[in-house]
2 protein chains.
Amino acid sequence: MFKKRHNIQEVEEGKYLSPKFDKNDLIPVVTTDFKSGDILMHGYMNIEALKKTIETKEAHYFSRSRKQIWHKGKISGFTQKVTEIRIDDDQDSIWLTVDIGDGSSCHVGYRSCFYRSIPLGKIDDGKKIKMKFEEKEKKFDPEKVYKGQSNPTKI
Amino acid sequence: MFKKRHNIQEVEEGKYLSPKFDKNDLIPVVTTDFKSGDILMHGYMNIEALKKTIETKEAHYFSRSRKQIWHKGKISGFTQKVTEIRIDDDQDSIWLTVDIGDGSSCHVGYRSCFYRSIPLGKIDDGKKIKMKFEEKEKKFDPEKVYKGQSNPTKI
């Protein structure tokens, strides 16, 4: 189903899908909201997750913390309906555009995982960098929705 | 300048920047166009690239192929003026929003690196997957702009 990566010309300018998976057999995936254009999350897929996403039109990832295929929204109900999949020039990263309706994407409870911004400008080496919350309110209570599940965040 | 990653609560809900760099001391970065919202590219930063991006407000990455800091646009002239930087819940990926004016981001000549889409639906195992070009025309001629430079794409 994938074309072998023969040469740079074919990978960059060709019509055939020739994805490059890394040493862990994963490819990074960025997911944006088809309405707002906001980035909802950054994840990874293995071949099986990519195939399932293409065929079912619902986002599947590979969970590095749980080491298994992850049908996004299976527990929370917040599935992601894929409206478009793109791949980049050297075919080593994927862009998913999805419809999550009025739902949420982040396990912490916010709509997007990227709910904090980093201030621009001179860094004072003596001080820690203080961020700003761009989303003020959680869309759901993760303690209720993910009751009994372990947190995927690792220190 | 970064807060130590003490616990999940602080990383996810705290105000302080505590980025997680991977085994190669890199963090993945997704860059979107502040006007269109399109993803322009997916790259990586090390600590120095992140610091330079914050301080100069121009995107700096770490080039994995050249193994060095990469001030985006230094050769092509297509620099990226950063309008916002965000970080995700577990602080292991970064979202840059940039202004590239009428410029381009992709070394192949397109505005975005994600110029091809993958068709959704049942995959025929016997056939290679054929993509669609979503950008029809190149914005510049890479052979002129990058004359004498090696192609960063690796097979």
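A short tour of the structure in this document, coming up.

The rules we used
Residues numbered from 1 in each chain as written. Chains lettered and ligands numbered in written order. Predicted model: local features only at pLDDT ≥ 70, side-chain atom pairs only at ≥ 80, totals over all residues. Heavy atoms only, no water. Least-squares fit on C-alpha atoms with pLDDT ≥ 70 in both. Contact = heavy atoms within 4.5 Å. Salt bridge = Lys/Arg side-chain N within 4 Å of Asp/Glu carboxyl O. Polar contact = N/O pair within 3.5 Å; in protein donor to acceptor, adjacent residues only side chain to side chain. Helix = DSSP H or I, 4+ residues; strand = E, 2+ residues; numbered from the N terminus. Nonpolar A, V, L, I, M, F, W, Y, C, P; charged D, E, K, R; others polar. Pairing = 2+ DSSP bridges. Axes fitted to C-alpha atoms, helices over the stretch in contact; angles between N-to-C directions.

## What to know about the relation of the copies chain B and chain A
No. 1: Of the transformation placing chain B onto chain A, the axial shift is 0.0 Å and the rotation is 180°, giving an RMSD of 0.0 Å. On the angle and the small slide along the axis, the relation comes out as a two-fold axis. When each C-alpha of chain B is compared by its distance to the rotation axis, Gly37 of chain B comes out closest, at 2.6 Å.
No. 2: Residue by residue, 100% of the interface of chain B is reproduced at the interface of chain A, so both copies engage with the same surface.

## Topic: the interface of chain B and chain A
No. 1: The partner chain A presents 72 residues to the 72 residues of chain B that form the contact.
No. 2: Between the two partners, chain B and chain A, sit eight salt bridges.
No. 3: A salt bridge links Lys51 of chain A to Asp125 of chain B; the shortest N-O distance between them is 3.4 Å.
No. 4: Linking chain B to chain A there are 53 residue pairs in polar contact (both at pLDDT 80 or more).
No. 5: Elements supplying a minimum of two residues to the side of chain B that touches chain A: helix H1 (8-13), strand S1 (27-33), strand S2 (39-45), helix H2 (47-56), strand S5 (81-87), strand S6 (94-99) and strand S7 (116-117) of chain B.
No. 6: No other element matches the six residues that S5 of chain B contributes to the side of chain B that touches chain A.
No. 7: A per-class count over the side of chain B that touches chain A returns 30 nonpolar, 15 polar and 27 charged.
No. 8: Sheet analysis places strand S7 (residues 116-117) of chain A next to S5 of chain B, joined by two bridges and oriented antiparallel. By the bridge assignment, Arg116 of chain A is partnered in S5 of chain B with Ile87 of chain B.

## Focus: the sheet that holds S1 of chain B
No. 1: Here six strands make up an open sheet; going across it, the order is S8(A)-S7(A)-S5(B)-S6(B)-S1(B)-S2(B) and the pairing mixed. Of all the strands in the sheet, the pair left with one neighbour each is strand S8 (132-133) of chain A together with S2 of chain B.
No. 2: Pairing analysis gives two bridges linking S7 of chain A to S8 of chain A, with the strands arranged antiparallel. If you follow Ser117 of chain A over to S8 of chain A, its bridge partner there is Lys132 of chain A.
No. 3: Strands in contact with H2 of chain B are S2, S5 and S6 of chain B; relative to S2 of chain B, the strand with the most contacts, it is inclined by about 125°.

## Details of the sheet that holds strand S1 (residues 27-33) of chain A
No. 1: With mixed pairing, six strands are arranged side by side in an open sheet as S2(A)-S1(A)-S6(A)-S5(A)-S7(B)-S8(B). With one partner strand each, in any of the chains shown, strand S2 (39-45) of chain A together with strand S8 (132-133) of chain B form the two edges of the open sheet.
No. 2: Sheet topology places strand S5 (residues 81-87) of chain A next to strand S6 (residues 94-99) of chain A; six bridges connect them, and they run antiparallel. Across the sheet, the residue bridging to Arg86 of chain A is Trp95 of chain A, located in S6 of chain A.
No. 3: In this fold helix H2 (residues 47-56) of chain A packs onto S2, S5 and S6 of chain A, with an angle of close to 125° to the strand it touches most, S2 of chain A.

## Some remarks on the pattern of salt bridges
No. 1: In this structure the tally under the stated criterion is 20 salt bridges over all chains.
No. 2: In this structure, Glu55 of chain B and Lys122 of chain A form a salt bridge, with 3.2 Å as the shortest nitrogen-oxygen distance. One end of the pair, Glu55 of chain B, is in helix H2; the other, Lys122 of chain A, is in the loop between S7 and S8, on a second chain.

Worth remembering: the numbers are spatial, not functional.
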